[in-house]
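Each chain is listed here by its residues.
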Amino acid sequence: MKNGMIECSVCHSKLVSPSPKSISRAYDRHRSKVSSKQRALNVLLVGGDCVLVGLQPILVFMSKVDGRFKFSPISVNFLTEVAKVIFAIVMLIFQARRQKVGEKPLLSISTFIQAARNNVLLAVPALLYAINNYLKFIMQLYFNPATVKMLSNLKVLVIAVLLKVIMRRRFSVIQWEALALLLIGITINQLKSFPEGSSALGLPVTTGAYVYTFVFVTVPSLASVFNEYALKSQYETSIYLQNLFLYGYGAIFNFLGILGSAIFKGPGSFDILEGHSKATMLLICNNAAQGILSSFFFKYADTILKKYSSTVATIFTGIASAVMFGHTLTINFMLGISVVFISMHQFFSPLAKAKDDQQNGVLERMNVQDSHRSRDSSFINMAAGANEE
């Protein structure tokens, strides 16, 4: 890319580099004419995410020995990234074999180098995800588990603000209210787990705690938004090729974390497979599947839908716990479910989108202009073909 221009890999013509605003408008236009296949994909994404997120706490519980972990959490993160890299390579090979004659080969060196240059931004969310995985354990030193869940709810509004700032995403007033309802619904659901007699939601008033809280909320939110932006900005690049870069960066950052741990704790901590069992292997596979599914969310759907999906998964986990283990469902849980589903219906309702008249007008004008351009280009192509004959 030079002077804000990019070169097409096929015809080598110069094109204007996409800006955050153009990416947002292109996605909004794509979303305004969602097909039945896209709706089916969204349903499959949400359903798969609910199953995987619901299984995670069960697998984490099974991985404990005498109430603690025998393995290094960094090694789990590294092995998860390696599993995702292997999956991306296998799918790339499978996709390359199904390519039609005349298409640019996916596995050529030139394609790989150019894609690596165009998708270098994926290193940013990979680094942020690696940092976030470590923060999950550090937060336990400052807050009780209930408070950690409570603070994680703030990611909903932080993600929405970052989408508006970074990707120029537009939300109507009704959609902002729906996000606020989502925050309220999750909070009501988790109030039941606060310890009795705790004050200020169990928050210790120390400077370090507030710093970790800010980082704990901001880092994963930035990672999700930058991931969506990086994937959508190179929309024509294969999702599996993009995943290969994203997970490759993630594996490198986590391996550096293992090396750092070995330097401070001694060579004994460098054993990546130490303390792992069948349960931890299942946990690694589950985490890898969640990461792969998230990339499809970010490229073909959006971060907000992913957040709603994770919330619904938490609700299903609570219901499954009541059915399988006899856990009681409190009134807070039932009220939280009601508010969350009202929020979801309100956010994705066509009525909420119809309020943004200015955006709809811009999209309609863009569609008309594109239609005229396509007709003009078709006429030019016909004339060129006639001249050749």
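Computed from a prediction, not measured in an experiment: that's the story for all the values here.

Caption draft 1: Quick peek at the overall build of the protein chain. Along the protein chain, the regular secondary structure elements total 15 helices and two strands. With 389 residues in all, the protein chain has 42% of them scored as buried. Within the protein chain, contacts between residues at least 6 apart in sequence are counted, and of these 82% link residues at least 24 apart. If you sum the accessible surface of the protein chain, you get close to 21600 Å²; carbon and sulfur atoms cover 67% of it.

Caption draft 2: Spatial organisation of the pattern of salt bridges. For the coordinates displayed, the defined rule picks out four salt bridges. Glu-228 is paired through a salt bridge with Arg-169; the nearest N and O atoms lie 2.7 Å apart. Here Glu-228, found in helix H9 (residues 207–233), pairs with Arg-169, found in the loop between helix H7 (155–166) and helix H8 (173–190); they are 59 residues apart in sequence, far enough to count as distant. As far as the burial class goes, Glu-228 and Arg-169 line up, both buried. Counted as one network, the salt bridges with shared partners bring together Arg-169, Glu-228 and Lys-232.

Caption draft 3: Region of the structure containing the environment of Leu-293. In this fold, Leu-293 is placed in helix H11 (residues 278–300). In this structure Leu-293 comes out as buried when scored by relative accessible area, which is 15%. For Leu-293 and Val-46, which are 247 residues apart along the polypeptide, the C-alpha to C-alpha distance reads 9.3 Å. Other than its neighbours up to four places away in sequence, Leu-293 contacts Leu-45, Gly-48, Asp-49 and Leu-52.

Caption draft 4: Here's a closer look at the UniProt feature "transmembrane region" (unreviewed entry) in the protein chain. Here, UniProt's "transmembrane region" (unreviewed entry) annotation points to residues 40–62, 74–94, 173–191, 211–231, 243–264 and 279–301. Split by type, residues 243–264 is 100% helix and 0% strand. Its first and last C-alpha atoms lie 32 Å apart. With 96% helix and 0% strand, residues 279–301 has end C-alpha atoms that lie 31 Å from one another.

Caption draft 5: Just a nonpolar patch on the surface, in detail. Nonpolar side chains collect at one region of the surface, where Phe-316, Ile-319, Val-323, Met-324, Leu-329, Ile-331, Met-334 and Leu-335 lie side by side and expose about 790 Å² of accessible area between them. Elements supplying a minimum of two residues to the nonpolar patch: helix H12 (303–325) and helix H13 (331–348). Within the element layout of this structure, Ile-319 appears in helix H12.

Caption draft 6: Spatial organisation of the packing of helix H3 (residues 73–97) against H11. Viewed as axis vectors pointing N to C, H3 and H11 meet at an angle of 55°, and their least axial separation amounts to 9 Å. Relative to H11, the element H3 lies oblique. Crossing geometry of H3 relative to H11 is assigned as right-handed. Facing Val-76, Leu-79, Thr-80, Ala-83, Lys-84 and Phe-87 of H3, the residues of H11 in contact are Met-281, Ile-284, Asn-287, Ala-288, Gly-291 and Ile-292. Along the lines of polarity and charge, the residues of the contact of H3 with H11 split into eight nonpolar, three polar and one charged.

Caption draft 7: Geometry of the packing of helix H4 (residues 109–118) against helix H10 (residues 239–265). The contact between H4 and H10 brings their axes to 10 Å, and the two run at 65°. By crossing handedness, the relation of H4 to H10 is classed as right-handed. Contacts between H4 and H10 involve Phe-112, Ala-115 and Ala-116 from the first element and Leu-241, Leu-244 and Phe-245 from the second. Of the residues belonging to the contact of H4 with H10, the class tally is six nonpolar, no polar and no charged.

Caption draft 8: Summary view of the packing of aromatic side chains. If you walk through the whole model with that rule in mind, you get 11 aromatic pairs. Where Phe-171 meets Trp-176, the ring centres are 5.4 Å apart and the plane angle is 70°; that geometry is what we call edge-to-face. Taking the relative accessible area as the measure of exposure, Phe-171 reaches 11% and is therefore buried. Of the residues examined, Trp-176 reaches a relative accessible area of 27% and is grouped as partly exposed. Between Tyr-240 and Phe-296, the aromatic rings sit 6.1 Å apart at their centres with planes inclined by 65°, giving edge-to-face as the arrangement. You can see Tyr-240 sitting in helix H10 and its partner Phe-296 sitting in helix H11, a full 56 residues away along the chain. Overall, Phe-296 belongs to the buried group, its relative accessible area being 17%.

Caption draft 9: Region of interest: unusual backbone geometry. Positive phi, close to 55°, is recorded for Arg-168, a residue that is not glycine. Mapped onto the fold, Arg-168 is located in the loop between H7 and H8.

Caption draft 10: Representation of the confidence of the model for the protein chain within the structure. Averaged over all residues, the pLDDT of the protein chain equals 75, while 70% of them reach at least 70. Contacts from residues 9–13, a stretch scored under 50 in pLDDT, to residues over four places away or in other chains number six contacts. Here residues 354–369 is a poorly scored stretch, pLDDT under 50, and it has 15 contacts once near neighbours within four places are set aside; other chains count.

Parameters at a glance
- For every chain, the first residue of the written sequence is number 1, and numbering continues from 1 onward in sequence order.
- Only residues with pLDDT of at least 70 are given local features in this predicted model, and only at 80 or more are side-chain atom pairs given and counted; all residues enter the totals for whole chains, interfaces and linings.
- As a rule here, side-chain values come from all non-hydrogen atoms in the structure, and water together with hydrogens is ignored.
- Only runs of H or I of at least four residues qualify as helices and only runs of E of at least two qualify as strands under DSSP, and these elements are numbered from the N terminus.
- Any residue under 20% of the maximum accessible area for its type is buried, any over 50% is exposed, and the rest in between are partly exposed; the area is computed with a 1.4 Å probe on protein chains only.
- Contacts are assigned to residue pairs with any non-hydrogen atoms lying within 4.5 Å of each other.
- Methods summary: accessible areas were calculated by the Shrake-Rupley approach with a probe of 1.4 Å, and residue burial reflects only the protein chains presented.
- Whenever a carboxyl oxygen of Asp or Glu lies within 4 Å of a side-chain nitrogen of Lys or Arg, that contact is scored as a salt bridge.
- UniProt positions are given in the numbering used here, feature names are shortened, and annotations may be inferred rather than shown by experiment.
- Within this analysis, patches are made of residues with over 30% relative accessible area and no salt bridge. Like charges are joined at 9 Å or less; nonpolar side chains (Val, Leu, Ile, Met, Phe, Trp, Tyr) at 5 Å or less.
- In this description, a line fitted to the C-alpha atoms serves as the axis of each element, helices being fitted only across the stretch in contact, and the angle between N-to-C directions of two axes falls anywhere from 0 to 180 degrees.
- Oblique is the label for any angle not under 35 degrees, not over 145, and not in the 65 to 115 range, which are roughly parallel, roughly antiparallel and roughly perpendicular in turn.
- Note: crossing handedness is left-handed where the near helix turns anticlockwise from the far helix by less than a right angle, and right-handed where it turns clockwise.
- For this classification, Asp, Glu, Lys and Arg are treated as charged, while Ala, Val, Leu, Ile, Met, Phe, Trp, Tyr, Cys and Pro are nonpolar and the rest, including Gly, are polar.
- Aromatic pairing here means that ring centres of Phe, Tyr or Trp (its six-membered ring) are within 6.5 Å. Orientation follows from the plane angle: under 30 degrees is stacked, over 60 is edge-to-face, and everything else is tilted.
- Per residue, pLDDT captures the predictor's confidence, and it can take any value from 0 to 100.

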